[in-house]
Amino acid sequence: MSTALVTDLTIFVLALLVGIEVIGKVPATLHTPLMSAANSIHGIVLVGAMLIGLTAHNAVGYILAFVAAFFAAANVVGGYVVTGRMLKMFRRKIPAAEPAKAQLNGQASKQPQEVQR
Amino acid sequence: MNSFTTNIQLVYVLAAACFVVGLHLMNSPATARRGNQVSTAGMIIAVVITLILLIHEGTVTALGWTVLIVGSLLGSAAGLWSARTVQMTAMPQLVSMFNAVGGGAAALVAIYGYIHDESAPGGVLGSTTVFTVLDVIIGSVTFTGSLIAAGKLQGIITGNPVMIKGGRAINVALAVVALGSAAFMLTTASLPALLLVVLASLAFGVLMVLPIGGADMPVVISLLNAFTGTAVAMAGFVVNNWALIIAGALVGASGGILTKLMADAMNRSLGNIMLGGFGTGDSAIAAPVAGDAQIRSIAADDAAIQLAYASKVIIVPGYGLAAAQAQHGAAELAALLESRGVEVSYAIHPVAGRMPGHMNVLLAEANVPYPQLKEMEEINPEFGRADVALVIGANDVTNPAARRPGNAISGMPILDVDQAKSIIVVKRSMGHGYAGMDNELYGNPKTSMYFADAKKAVAEMTSAVKTLVG
């Protein structure tokens, strides 16, 4: 077993334990945004897709690089945007300027708010 | 390792640190947005440094740059579009799709690495092959499994368990083929064996998720999320990149924890869920409650008076509320009651919705302030002080039968709705929940049934409160 492999395994195990420690403290209220955030983080595979480009010099390499880059980029961008969109909705109280709208019609008030922010 | 690549590894560690801090900030709704920004910053750092590495190495061909840039831009556009347009009720499908593409990309990275090494002088390194086959197997299973899960959630594929004759035998055969070929690859470099691993894993992913019912989706999505993280970490071993290893491990841990929480909240073992056949989800078989129980129904006016003159009301939302798009109406009713001085809170069971924490997002979207959203452990002691518990579209998670041994839901953690002074249940019919059993709560003398679609019911109650008590 090479030193590099031992280092990689050490990092993997420690990161797993850090993950369990950090995520165990997230309240149930935020579990959907948490999963969505974790989703965007695994979009880091985009880096792996980009590294294909270093040695891709034939059709198979280009096709794999293209599909991997497409998948990973969709994962990263979509993941972060939708997580941000969800978290924006979590408010401590109904915003002072909007309670009337919020009470009258939640559906209708949703649209203008999203445009504003 | 020269000093340039060493410095690059350090930057990847910085990016990974951003992910850890970002996830840590998710421990409170007040800091969660900042957490997402920190995590995004980490991702940008990782991508930029990779670009610098590609330019520095100078081995990327013009066509190579083109496919990477066009692929990334098209992917970003697709991700952006779906993230902007998705309905909050459809979040589980979107998360599932992101699991699919993440797992797929991780598998492709390993497949490419193997093809490249196989043709190169020196061949494939034995120690890398272990991670390559793990990545390919997990990534491919995640890819098709997540697509099927998304299809089930979207209703393209039936939410009922699909039992294929001899499905279990086929699954075992596929597993044997995948693992056998993988074992062969450890001794001999072989592209056909890799292809066999990929195909068997893809088929296995389909057959793994098809027999699982719609109601078990919170567990399935969490599990596939853990799979994706693990696949990405394995890809990190293949390309020897710390950012991928750390990020993948973090996601694997998060998915693993959520899988366990969800399985516990449904009182089912993971094995039991994966074998399928129990969670028939949306089936609503109309059947009367056992003869000795008296069912009382209630009209909008009476319900409105009970609610308006209560001092404490607890709303218990279930997936029926989300399915009927009644979350906005319920929030409106709650706001009206609050304006009359009634203390309103929401009791959220861990599996209310189609993914972990889904109901919280739906209510947040309807402008419900998050301090009103109470977790099960927090709200259960409060039911005794509640004048009215208003159950909207929730069933099994309120069934007191769970406290007794000897039935389908025995031991399942439930909301102590029956402790409230009075209970109003909004429900379309006397149909069963996914456990397929009578809810004893409905026969409780304190319970009144309000038979209507959730959206219509909350609208009727709201207007009744307005007319009767101004």
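All figures in this text were calculated on a predicted structure; none of them were measured in a lab.

Looking at the overall build of chain B
Reasoning step 1: Within chain B, the secondary structure is distributed over 16 helices and 6 strands.
Reasoning step 2: In terms of principal-axis extent, the alpha carbons of chain B reach across some 85 × 50 × 35 Å.
Reasoning step 3: A burial count over chain B gives 54% of its 470 residues as buried.
Reasoning step 4: Considering only intrachain contacts with a sequence separation of at least 6, the fraction spanning at least 24 residues in chain B is 80%.

Some words on the interface of chain A and chain B
Many authors give the size of an interface as the accessible area that is lost as the parts come together.
Reasoning step 1: Contact with chain A, which involves 87 residues of that partner, is made by 103 residues of chain B.
Reasoning step 2: When residues of the side of chain A that touches chain B are traced back to their parent elements, those giving at least two are α1 (3–23), α2 (31–41), α3 (45–55), α4 (59–89), α5 (99–104) and α6 (106–116) of chain A.
Reasoning step 3: Looking at which element gives the most residues to the side of chain A that touches chain B, the answer is α4 of chain A, with 29 residues.

Some remarks on the confidence of the model for chain A
Residues and elements named next belong to chain A.
Reasoning step 1: Considering every residue of chain A, the mean pLDDT works out to 83; 79% of them sit at 70 or more.
Reasoning step 2: Per-element confidence in chain A is highest for α4, whose mean pLDDT is 95, and lowest for α6, whose mean pLDDT is 41.
Reasoning step 3: This model gives residues 97–117 a pLDDT under 50, and the stretch forms 18 contacts once residues within four places in sequence are excluded.

Notes on the domain arrangement of chain B
All names here are of chain B.
Reasoning step 1: With domains assigned, chain B is organised as domain 1 (3–275) and domain 2 (300–469).
Reasoning step 2: For domain 1 and domain 2, the distance between their C-alpha centres works out to 37 Å.
Reasoning step 3: Contact residues are listed per partner, giving 19 residues for domain 1 and 16 residues for domain 2.
Reasoning step 4: Those elements that place two or more of their residues in the side of domain 1 that touches domain 2 are α4 (91–119), α8 (217–239) and α9 (242–265).
Reasoning step 5: Each residue belonging to the side of domain 1 that touches domain 2 can be placed in one class, and the counts come to 15 nonpolar, 4 polar and no charged.

Quick word on the nonpolar core
Reasoning step 1: One finds Val45 of chain A together with Val109, Leu250 and Ile392 of chain B to be the most contacted residues of the largest nonpolar core, which totals 207 residues.
Reasoning step 2: Domain assignment of the residues forming this core places at least three in each of domain 1 (3–275) and domain 2 (300–469) of chain B.
Reasoning step 3: Setting aside anything within four residues of it in sequence, one finds Ile392 of chain B in contact with Ile315, Val316, Pro317, Gly318, Gly320, Leu321, Ala326, Ala330, Val426, Ala454 and Val458 of chain B.

Some words on α8 of chain B
All names here are of chain B.
Reasoning step 1: Under the 1.5 Å per step criterion, the end-to-end length of α8 is 33 Å for 23 residues, consistent within 8% with the ideal 33 Å.
Reasoning step 2: The buried fraction of α8 amounts to 23 of the 23 residues, a majority that puts the element mostly inside the structure.
Reasoning step 3: Asn240 occupies a position one or two residues after α8 and carries a positive phi of about 55°.

Digging into the sheet that holds strand β1 (residues 312–317) of chain B
All names here are of chain B.
Reasoning step 1: Read from one edge to the other, the open sheet built from 6 strands follows the order β3-β2-β1-β4-β5-β6, with strand pairing classed as parallel. Two strands bound the open sheet, and with one partner strand each, they are β3 (373–375) and β6 (447–451). Ignoring strand direction, the axes of neighbouring strands in this sheet form an average angle of 25°.
Reasoning step 2: Pairing analysis gives 5 bridges linking strand β4 (residues 388–392) to strand β5 (residues 422–427), with the strands arranged parallel. Looking across to β5, one finds that Val391 is bridged to Val425.
Reasoning step 3: Together, β1, β4, β5 and β6 form the strand contacts of helix α11 (residues 300–308), whose direction differs from that of β5 by roughly 135°.

Quick look at the environment of Val130 of chain B
Reasoning step 1: With respect to the secondary-structure elements, Val130 of chain B resides in helix α5 (residues 126–154).
Reasoning step 2: Looking at Val130 of chain B, the number of C-beta atoms within 10 Å reads 17, which means it is partly exposed.

A look at unusual backbone geometry
Residue and element names in this part refer to chain B.
Reasoning step 1: A positive phi angle, close to 55°, is found at Asn240, a residue other than glycine.
Reasoning step 2: One non-glycine residue with positive phi stands out, namely Asn367, at about 70°.
Reasoning step 3: In this fold, Asn367 is placed in the loop between α14 (358–365) and β3.
Reasoning step 4: A tally of 26 C-beta atoms within 10 Å means that Asn367 is categorised as buried.

Focus: the packing of α4 of chain A against helix α2 (residues 32–57) of chain B
Reasoning step 1: Relative orientation of the contacting elements α4 of chain A and α2 of chain B amounts to 165°, with a least axis distance of 9 Å. As the angle between them shows, α4 of chain A and α2 of chain B are arranged roughly antiparallel. Two packed elements cross with a definite hand, and for α4 of chain A against α2 of chain B that hand is left-handed. Residue-level contacts link Val76, Tyr80, Thr83, Gly84, Leu87 and Lys88 of chain A of α4 of chain A to Ala32, Arg33, Asn36, Thr40 and Met43 of chain B of α2 of chain B.
Reasoning step 2: Classifying every residue of the contact of α4 of chain A with α2 of chain B by side-chain character gives 5 nonpolar, 4 polar and 2 charged.

Focus: the packing of α5 of chain B against helix α7 (residues 191–209) of chain B
When two helices pack together, their arrangement is given by the angle between the helix axes and the distance between those axes.
Residues and elements named next belong to chain B.
Reasoning step 1: Close contact between α5 and α7 brings their axes to 7 Å; oriented N to C, the two are set at 35°. With respect to the hand of their crossing, α5 and α7 are arranged in right-handed fashion. Side by side, α5 and α7 meet where Val133, Val136, Ile137, Ser140, Val141, Thr142, Phe143, Thr144, Gly145, Ile148 and Ala149 of the first sit next to Leu194, Val197, Val198, Ser201, Leu202, Phe204, Gly205, Val206, Met208 and Val209 of the second.
Reasoning step 2: Here the contact of α5 with α7 is built from residues that sort into 15 nonpolar, 6 polar and no charged.

Here's the deal with the confidence of the model for chain B
Residue and element names in this part refer to chain B.
Reasoning step 1: When pLDDT is averaged along chain B, the result is 88; 95% of the residues meet or exceed 70.
Reasoning step 2: Per-element mean pLDDT across chain B ranges from 75 in helix α10 (residues 270–275) up to 96 in helix α3 (residues 62–85).
Reasoning step 3: Long-range and interchain partners of residues 277–291, a stretch whose pLDDT sits below 50, account for 39 contacts in this model, where long-range means more than four residues apart.
Reasoning step 4: Scored as a whole, the predicted complex attains pTM 0.87, and scored at its interfaces, ipTM 0.88.

Topic: the environment of Ser76 of chain B
Reasoning step 1: Following the sequence through the fold, Ser76 of chain B ends up in helix α3.
Reasoning step 2: Assessed through the 21 C-beta atoms surrounding it within 10 Å, Ser76 of chain B is described here as buried.
Reasoning step 3: Not counting chain neighbours up to four residues away, the residues in contact with Ser76 of chain B comprise Ala73, Ala74 and Val77 of chain A.

About the thresholds
Residues numbered from 1 in each chain as written. Chains lettered and ligands numbered in written order. Predicted model: local features only at pLDDT ≥ 70, side-chain atom pairs only at ≥ 80, totals over all residues. Helix = DSSP H or I, 4+ residues; strand = E, 2+ residues; numbered from the N terminus. Buried ≥ 20, exposed ≤ 12 C-beta atoms within 10 Å, placed from the backbone. Contact = placed C-beta atoms within 7 Å. pLDDT = per-residue confidence, 0-100. Domains from an automatic or database assignment. Nonpolar A, V, L, I, M, F, W, Y, C, P; charged D, E, K, R; others polar. Core = buried A, V, L, I, M, F, W, Y, C linked by C-beta atoms within 7 Å. Expected span 1.5 Å × (residues − 1). Pairing = 2+ DSSP bridges. Axes fitted to C-alpha atoms, helices over the stretch in contact; angles between N-to-C directions. Parallel < 35°, antiparallel > 145°, perpendicular 65-115°, else oblique. Left-handed = near helix turned anticlockwise from the far one by under 90°.

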